[in-house]
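Observations on chain architecture
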Amino acid sequence: MGNLKRGLTYLFLTVVAIVSIFPFLWMIISATNKSVDVTKGRLLPGSHLGQNFNKLLDSVDLVPALMNSAKISVTTTLLALLIASLAGYGFEIFRSKTKDRIFNILLLSMMIPFAALMVPLYRMFGSISGALPFIGIDTAASVILPTVTTAFLIFFFRQSTKMFPKDMLEAGRMDGLNELGVFFRIYVPTMKTTYAAAAIITFMSSWNNFLWPLVVLQSPGQRTIPLLISNLGSSYSPDFGVIMTAIVIATLPTALLFFAMQKHFVAGMMGSVK
Amino acid sequence: MIFAFYFYPMLQALLMSFQSGAGTNLTFVGLDNYKRLFTDPTFIATVTNTFIYLIVQVPVMIILALFISVLLNDPKLKFKGFFRTAIFLPCVTSLVAYSVIFKYLFSNNGLINTMLMKVALIGEPIQWLTDPFWAKMTIIIAITWRWTGYNMIFYLSALQNIDNSIYEAAKIDGASAFQQFFRITVPMLRPIILFTSITSTIGTLQLFDEVVNITKGGPGNATMSLSQYIYNLSFKYTPDFGYAATVSYAIVILIVIFSIIQFKVAGDRNG
């Protein structure tokens, strides 16, 4: 490969990388600056991080929103992994014509846009609000329930299970483990990377979910982080420094999770494409 | 669970799409809602916007992601990990958070305009958010920024499964890098390209967070997305669940049509 071509490759990749990182850097820098400096486009870190943070704590219910988001995301992720991996395992290990057909129907649900479900779902939760208030409108459960099973995740686990060494399952059964034992003792530990990738995807989408929480969570006390930020961003006299601080805090959990599990994540994604 | 939260609501929506009325007082009106679609200027505007997003954004993003992943797949390339992480980083952000950031970056006296003016590329600020054309461009730029890295990961994974000996053989036969790309890479990746183009299409048809948080659908209805229109119909103005359900079905029909087209295009190349 020629030197010129090599140079162009690096130049191009560097430009793309800078464009990708720049909004992040700007967000972090802006979180340390005064509102005026942010609007002026100051690109140097300032000394207002502490002040911005305090203002943020004073002006909105940051901590409750973080707690709401955490509660919803962690529950969703745990339940989703359990359900989807059991389903993916079942579909692949105990294959039959009927199951393949059911699986194809499940895949169809991936094509249904959420916007199309929103109105009937809202009415559904509205009508059970009276009988079962703990899962009705304005509860964490009403956010979690519709998002906990996704065909995508079942598909993801099924694809990965295709690579699973089936002899290990046989060996486990011979040793007298029942089917759940085989699943939890053998399958789960060997599929770590798949679980890691699935956990990141699910946690991120749940943490960042906006539309459905916007619809069902109506009282301010139930608000999640994205709702809080959207609200801050559309206020009439925005304090840009404070908003940027809020965005940094909202992005931290998913960014940290991603960096901590990056290796497993990439490995897991690759396993599913094979 | 999937039946309870996907298929049952779908049936409900189908029933509701033939009903009309404010709030929960719905009465059957037959096909009236569907007739209304074709004369509803807001609906036509949102469909047009969605088409523009689709036609411009999805091909640009897929070609860009493909190009980047081929470059990154070069075994001799250095700093691969850094580039990969940097380009994937946007996918870590929440849609709402990055939308708010983009809103400020692209505001009239925002950083993008300031920088463009400093390097004298433009004489006066571009009205990124208030001009119908530039507002659409801002949304397209934002979505491309957020999702290119996501698609890139799929291509990278698939590229690593292509046996390197195929490329070696092609090189011996004297194929240029260009020929290798179109004769080997693209055909080998066809299933993944199909997968990403369908998921991107579905994503674009469901666009909501960005539009609401960057432009609020404005100026006028110049950037409003279909999902936002459904949201407005159901929860913002006097709720009209019946008509909202009809618009929902319009999206489902669009997705089915686009998916069939994409399957056809991919299939034809096979033959």
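The sections below set out a description of the structure shown in this document.

About the criteria used
- Residues numbered from 1 in each chain as written.
- Chains lettered and ligands numbered in written order.
- Predicted model: local features only at pLDDT ≥ 70, side-chain atom pairs only at ≥ 80, totals over all residues.
- Heavy atoms only, no water.
- Contact = heavy atoms within 4.5 Å.
- Buried area = accessible area lost by both parts, 1.4 Å probe.
- Salt bridge = Lys/Arg side-chain N within 4 Å of Asp/Glu carboxyl O.
- Polar contact = N/O pair within 3.5 Å; in protein donor to acceptor, adjacent residues only side chain to side chain.
- Nonpolar A, V, L, I, M, F, W, Y, C, P; charged D, E, K, R; others polar.
- Helix = DSSP H or I, 4+ residues; strand = E, 2+ residues; numbered from the N terminus.
- Buried < 20%, exposed > 50% of the residue type's maximum accessible area, 1.4 Å probe, protein only.

**Here we look at the interface of chain A and chain B**
Taken together, the contact between chain A and chain B spans 76 residues of the former and 76 residues of the latter. Buried surface at the junction of chain A and chain B, both sides included, amounts to about 6900 Å², of which 79% is carbon and sulfur. For the chain A face of the interface with chain B, the top three residues by lost area are L13(A), M111(A) and R123(A), together amounting to 9%. One can count one salt bridge joining chain A with chain B. Residues R6(A) and D74(B) are paired through a salt bridge, measuring 2.9 Å at the closest nitrogen-oxygen approach. Counting across the interface, chain A meets chain B through six residue pairs in polar contact (both at pLDDT 80 or more). Tallied by class, residues from the side of chain A that touches chain B come to 57 nonpolar, 15 polar and four charged.

**Digging into the pattern of salt bridges**
All names here are of chain A. Evaluated as defined, the whole model comprises five salt bridges over all chains. With its nearest N and O atoms 3.4 Å apart, the salt bridge here joins D100 to R158. Taken together, the residues span a long stretch of sequence, with D100 in helix α5 (residues 97-108) and R158 in helix α8 (residues 151-161) at a distance of 58 residues. Residue classification places D100 among the partly exposed positions, given a relative accessible area of 23%. Owing to a relative accessible area of 5%, R158 belongs among the buried residues under this scheme. If you follow the salt bridges from partner to partner, you end up with E92, D100 and R158 in one network.

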